[in-house]
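Examination of the molecular architecture
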Amino acid sequence: MIGDLIAILGLSFLCFLFWQQRRQSELAKLAISRKCDQLDLQLVSVAFGQHKLKTPAGSWRWHTVYNFEFSALGDDCYQGELTMIGFRPMKFDLPPHRM
């Protein structure tokens, strides 16, 4: 009986984590799309990068990195990164590109 309750709670927690990850992914895609529109870039693709515990600055903070590809003139392709902490976009890394 207690084992069944723990199993149900565990499954519920995993479903909650999955749902939150999907929500974060949708918000990341929206933020990347807005940034590309702001800079007059064409968004090619967005992909989940990885979860990390340590930020590039050296502090311990759970964050997620998303990779995306964009084009400046239509015949080129560049790769950028978005770092999300929770549901907030914290840092965009875009390489130098043609304008």
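Residues numbered from 1 in each chain as written. Predicted model: local features only at pLDDT ≥ 70, side-chain atom pairs only at ≥ 80, totals over all residues. Heavy atoms only, no water.

The next point concerns the layout of surface pockets. Of the volumes computed, that of the largest pocket is approximately 180 Å³. Across the lining of the largest pocket, the residue classes tally to three nonpolar, six polar and no charged. (1 Å grid on protein atoms, 1.4 Å probe; cavity = no way out; pocket = protein on both sides within 12 Å on 5 of 7 lines; lining within 4 Å. Points joined across faces, edges and corners; volume = space filled by probe spheres on them. Nonpolar A, V, L, I, M, F, W, Y, C, P; charged D, E, K, R; others polar.)

Once that is clear, we can look at unusual backbone geometry. Even without a glycine there, the phi angle at D40 is positive, about 60 degrees. Tracing the backbone shows D40 in the loop between α1 (2-38) and β1 (42-54). Judged by relative accessible area, which is 67%, D40 ranks as exposed. (Helix = DSSP H or I, 4+ residues; strand = E, 2+ residues; numbered from the N terminus. Buried < 20%, exposed > 50% of the residue type's maximum accessible area, 1.4 Å probe, protein only.)

Further remarks concern the sheet that holds strand β3 (residues 78-85). With antiparallel pairing, the four strands of this open sheet are ordered in space as β1-β2-β3-β4. Bordering the open sheet on either side are β1 and β4 (88-93), each of which pairs with just one other strand. Between one strand axis and the next, the sheet turns by 25 degrees as a mean value, whatever way the strands run. With five bridges connecting them, β3 and β4 associate as antiparallel partners. Note on β4: the bridge partner recorded for I85 is R88. Where α1 meets the sheet, it contacts β1, β2 (60-71), β3 and β4, and its direction lies at approximately 45 degrees from that of β2. (Pairing = 2+ DSSP bridges. Axes fitted to C-alpha atoms, helices over the stretch in contact; angles between N-to-C directions. Contact = heavy atoms within 4.5 Å.)

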